[in-house]
Amino acid sequence: MPLPKSNVTKILMFIAFGILVFSTSYLISKLVIRAIGERKVIDPYEVHVLVNAYRVDSGLEPLDLNDTLCNAGEAKGQDMVSKGYFAHDSPDHKTPYDFIMGAGYRMKHGGENLAQGFLSSEGVVKGWINSPTHNENLLQELYEDECITVVRNRGTGKIIVIQMFGTEK
């Protein structure tokens, strides 16, 4: 005996609704997994380890991780994202040293490396090594501390890496 048209319509609507819910849940889970995966592609600690290995291979002391420099890097990253720039100096003329000292680091020596557009920790460090000015910071004998911060520019989707260097007074 055939089902009444109203029941067939209800069943088809139920099936369509189920497909829609499943598809939406699947897409959301894929986006979440993708976002988490991309976020973990550049690992700040891995960058730190690679930088220190490069320094030691070059005959220098390794750098210590410093929480205050991490705060400076985070502030710099948020400033770049909120003001839409990618540069050592902000549009309102704030320098890396302003961020370092603003975080409470008693800076005797300081510096900053930036990276954008890299997809791995190794790529970031190789990029810095291959750039004379960034490499100079990596091999600066005066630096004792560092911190690497990774932020995502929500506007462009690009990952920004901030490396703050310092030696305290």
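Residues numbered from 1 in each chain as written. Predicted model: local features only at pLDDT ≥ 70, side-chain atom pairs only at ≥ 80, totals over all residues. Heavy atoms only, no water.

Before we go on, may I ask you to explain the side chain of glutamine 163 in this structure?
Here glutamine 163 lies in strand β4 (residues 159-168). With a relative accessible area of 0%, glutamine 163 lands in the buried category. Among the polar contacts listed, one links the side chain of glutamine 163 to the side chain of glutamate 146, at a separation of 2.6 Å. Setting aside residues up to four positions removed in sequence, glutamine 163 forms contacts with Val51, Gly111, Glu112, Asn113, Trp128, Leu138, Glu146, Cys147 and Ile148. (Helix = DSSP H or I, 4+ residues; strand = E, 2+ residues; numbered from the N terminus. Buried < 20%, exposed > 50% of the residue type's maximum accessible area, 1.4 Å probe, protein only. Polar contact = N/O pair within 3.5 Å; in protein donor to acceptor, adjacent residues only side chain to side chain. Contact = heavy atoms within 4.5 Å.)

Can you walk me through the environment of tyrosine 45 in this structure?
Mapped onto the secondary structure, tyrosine 45 falls in helix α2 (residues 44-57). Using a relative accessible area of 52% as the deciding quantity, one classes tyrosine 45 as exposed. For the pair tyrosine 45 and cysteine 147, spaced 102 residues apart in sequence, the C-alpha to C-alpha distance is 8.7 Å.

Help me understand the confidence of the model for the chain, please; the structure alone is not making it clear to me.
For any part of a model where pLDDT is low, the fine detail of the predicted coordinates should not be relied upon. When the pLDDT values of the chain are averaged, the result is 86; 77% of them are 70 or greater. Note that residues 25-40 has pLDDT below 50 and, in this model, three contacts with residues that lie over four places away or in other chains. (pLDDT = per-residue confidence, 0-100.)

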